[in-house]
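Chains, contacts and geometry: an overview
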Amino acid sequence: MGLWTLLEGCLLLANALAILNEDRFLARRGLSFSEFSGGRTKSFKGQLIGLVYATQYLRVPLIMLNALCIFVKLKVHWIPICFCLSLRHLILPAELASHFLSKIKRDAPILPRSQFIEVTHINQLQQWDCGLACVLMILDTLGIHDCHIQSLADLCGTTSIWTVDLAYLLQSFSVSFSYFTVTFGADPNYSVESFYKEELANDLVRVDKLFQKAVDAGIKIECRSISKEEISLLMLSGIYVAIVLVDQHRLSRSWLEDVLVSGICDSSSSYTGHYIVVCGYDADADQFEIRDPASSSKHVRISSKCLDDARKCFGTDEDILLVSLEKSGKLRIPSPRLSPNVNIDC
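Starting afresh in each chain, residues are numbered from 1 along the sequence in its written order. The model is predicted, so local features are restricted to residues of pLDDT at least 70 and side-chain atom pairs to those at 80 or more, both for listing and for counting; the totals for chains, interfaces and linings are taken over all residues. Side-chain numbers here rest on the full set of heavy atoms in the structure, without hydrogens or water.

**So, the overall build of the chain**
Runs of E in the DSSP output that reach at least two residues are strands. Runs of H or I that reach at least four are helices, and both are numbered from the N terminus. Along its length, the chain carries 13 helices and eight strands. Burial here depends on accessible area, computed with a 1.4 Å probe over protein chains only, as a share of the maximum for the residue type. Under 20% is buried, over 50% is exposed, and the range in between is partly exposed. Taken over 346 residues, the chain has a buried fraction of 48%. Here, two residues are considered to be in contact whenever any of their heavy atoms come within 4.5 Å of each other. Of the contacts formed within the chain by residues at least 6 apart in sequence, a portion of 72% connects residues at least 24 apart. Calculation of accessible area relied on Shrake-Rupley with a 1.4 Å probe; when residues are assessed, cover is drawn exclusively from the protein chains displayed. Counting only carbon and sulfur atoms, one obtains 57% of the accessible surface of the chain, whose full area is about 17,500 Å².

**Points about the confidence of the model for the chain**
One number per residue, pLDDT, summarises how confident the predictor is, and it ranges from 0 to 100. Per-chain confidence: the chain averages 75 in pLDDT, with 69% of residues scoring 70 or above. Scored below 50 in pLDDT, residues 78-109 makes 67 contacts in the model with residues more than four places away or belonging to other chains. Taken as a whole, residues 328-346 scores under 50 in pLDDT and shows 42 contacts with residues more than four places along the chain or in a different chain.

**Things to note about the packing of helix H7 (residues 130-141) against helix H8 (residues 149-156)**
Only the contacting stretch of a helix is used when fitting its axis, a line to C-alpha atoms as for every element, and angles between N-to-C directions run 0 to 180 degrees. Two elements in contact, H7 and H8, have axes separated by 9 Å at closest approach and are oriented at 115 degrees. Read as a crossing pair, H7 and H8 show a hand that is right-handed. Note on element contacts: H8 touches H7 through Ile149, Leu152, Ala153 and Cys156, opposite Leu132, Ala133, Val135, Leu136 and Leu139. Grouping the constituent residues of the contact of H7 with H8 by class yields nine nonpolar, no polar and no charged. Each crossing gets its hand from how the near helix is turned against the far one by less than a right angle, where anticlockwise is left-handed and clockwise is right-handed. Throughout, the ten residues Ala, Val, Leu, Ile, Met, Phe, Trp, Tyr, Cys and Pro are labelled nonpolar, Asp, Glu, Lys and Arg are labelled charged, and all others, Gly among them, are labelled polar.

**Regarding the pairing of strand S8 (residues 320-324)**
In terms of residue burial, S8 counts as a mostly covered element, since five of its five residues are buried. Here S8 shows two buried faces, one formed by Ile320, Leu322 and Ser324 and the other by Leu321 and Val323. In short, DSSP must find at least two bridges between two strands for them to pair. Across four bridges, the pairing between strand S2 (residues 177-181) and S8 is antiparallel. By the bridge assignment for S8, Ser178 is matched with Leu322.

**Overview of the pattern of salt bridges**
By definition, a salt bridge exists where a carboxyl oxygen of Asp or Glu is found within 4 Å of a side-chain nitrogen of Lys or Arg. For the structure on display, the rule yields 10 salt bridges. Its salt-bridge partner being Arg224, residue Glu230 comes within 3.3 Å of it at the nearest N-O pair. Classification of Arg224 by relative accessible area gives partly exposed; the value is 27%. What emerges from the salt-bridge pattern is a single network uniting Asp282, Glu289, Arg291 and Arg301.

**Notes on the nonpolar core**
Within the largest apolar cluster, 49 residues are counted, with the highest numbers of intra-cluster contacts made by Leu132, Leu152, Leu166, Leu170 and Ile243. Elements supplying a minimum of two residues to this core: H7, H8, helix H9 (163-172), S2, helix H11 (200-212), strand S4 (240-247), strand S5 (273-282) and S8. Side-chain atoms within 4.5 Å are what join buried Ala, Val, Leu, Ile, Met, Phe, Trp, Tyr and Cys residues into a set we call a nonpolar core. In this structure, Leu233, Val278, Phe288 and Leu307 belong to the second largest nonpolar core, which totals 27 residues.

**Overview of the packing of aromatic side chains**
Within 6.5 Å between ring centres, the rings of Phe, Tyr and Trp (the latter by its six-membered ring) count as paired, and their orientation is classed by plane angle as stacked under 30 degrees, edge-to-face over 60, tilted in between. As enumerated under the stated definition, the model contains three aromatic pairs in all. With 5.0 Å between their ring centres and 65 degrees between their planes, Phe184 and Phe211 make a pair best called edge-to-face. Of this pair, Phe184 sits in the loop between S2 and helix H10 (194-197) while Phe211 sits in helix H11, placing them 27 residues apart in sequence. Among the residues examined, Phe211 registers a relative accessible area of 3% and is labelled buried. Seen in terms of ring centroids, Tyr281 and Phe288 are 4.7 Å apart; in terms of plane orientation they differ by 45 degrees. Their pairing is tilted. This pair shows no difference in class: Tyr281 is buried, exactly as Phe288 is.

**Quick word on helix H13 (residues 304-311)**
Of all eight residues that make up H13, six are buried, and the element is covered over most of its length. Those residues of H13 lying buried are Ser304, Cys306, Leu307, Asp308, Ala310 and Arg311. Each element contacted by the buried residues of H13 is listed here: helix H12 (228-236), S4, S5, strand S6 (287-291), strand S7 (300-303) and S8.

**Topic: the layout of surface pockets**
Each pocket or cavity is described by its volume, and for the second largest pocket that value is around 160 Å³. Together, Trp4, Leu7, Glu8, Cys10, Leu11, Ala14, Leu65, Leu68, Cys69 and Val72 line the second largest pocket. Secondary structure elements with two or more residues in the lining of the second largest pocket: helix H1 (3-18) and helix H5 (59-86). Ranked by residue count, the leading element in the lining of the second largest pocket is H1, at six residues. Lining residues are those with an atom within 4 Å of a point, where the points come from a 1 Å grid over the protein atoms alone and group into cavities, where a 1.4 Å probe fits but cannot get out, or pockets, open sets with protein on both sides within 12 Å along at least five of seven lines. Grid points are joined across faces, edges and corners, and a volume is the space filled by probe spheres set on the points.

**Re H8**
Taken as a whole, H8 has its buried residues at Ile149, Leu152, Ala153, Leu155 and Cys156. The buried residues of H8 occupy one face: seen down the axis, they fall within an arc of 155 degrees. Seen from the buried face of H8, the exposed residues on the opposite side, beyond 90 degrees, are Gln150 and Asp154. Close packing links the buried residues of H8 with H7 and H9. The first or second residue beyond H8 is Gly157, which carries a positive phi of 75 degrees. Picture the helix axis, draw a direction to every C-beta atom, and the arc is the one those directions span.

**What about the pairing of S2?**
Of all five residues in S2, five are buried, a share of seventy percent or more. Side chains of S2 alternate between two faces, with Phe177, Tyr179 and Thr181 and Ser178 and Phe180 buried alike. Sheet analysis places S2 next to strand S3 (residues 221-223), joined by three bridges and oriented parallel. Looking across to S3, one finds that Thr181 is bridged to Cys223.

What follows is the structure, encoded as structure tokens:
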């Protein structure tokens, strides 16, 4: 039990003694103030009556102490939220996120009701390089403008791009990010999906090795799901953007006619993995701002429900690369050959 808890207990006890009524409670139990004035002050009963008398006499100071305690409790209650929002590699706990989101939707928000990061829209060139286009958007937002999709493809050394490949790319540019997924490694059960069937057998070993070497490469991977409330709060903080793996067919159909790359959207309803950048949130409309590398629309908004459905489909592993826009150091441009600790070709 800490000192603060002990002080709180003493204050609650003083509050209880201060509200005891002499006629209706104390006198009936032989604890009236007349007993205190009878000369038996040294007995336990006399000292108890004296304590009750003292607390009732000091009601005004007690009111002030209670007000101070309430203020401190409220202050301490908000510290974890502000602290989590300021950390580069941590995300808000789900229970705090839900509480904080309810605060935002009231008339006295802590964070702005909408926040949008200006992210340049970049289209993918091939059916398989949407993830590379998303990384390129992130690098451009961070001030690295002399990269191209082809140079990123050369660094990857494969056309079967997984989220862990994108994580190694971001790490090679010293980008500050956190990698969240519900599956550590490649899930062999995805072989039933036509999207994975052709390359999965070759990717299983390669992807698992990348996961195993992630710690040595300085990549932090957290195996847990991220709620849409957490994502919305992080977007409203104005210091995060995210690369999110989604099922293209579950995304909003409002802009499908603008899709540029053939094969991304067709009549098939099977899973199609696709990467997008989430760069803003509007609490009033409950919509996220995204950059879709397969769309000709430079600014697209989708409902939080649509994003949640698309990113939680079987096949996505709920993969999210949460990128901090706060620079912790000078960003460097990697050479075409990665260092031994960041070996994507293995």
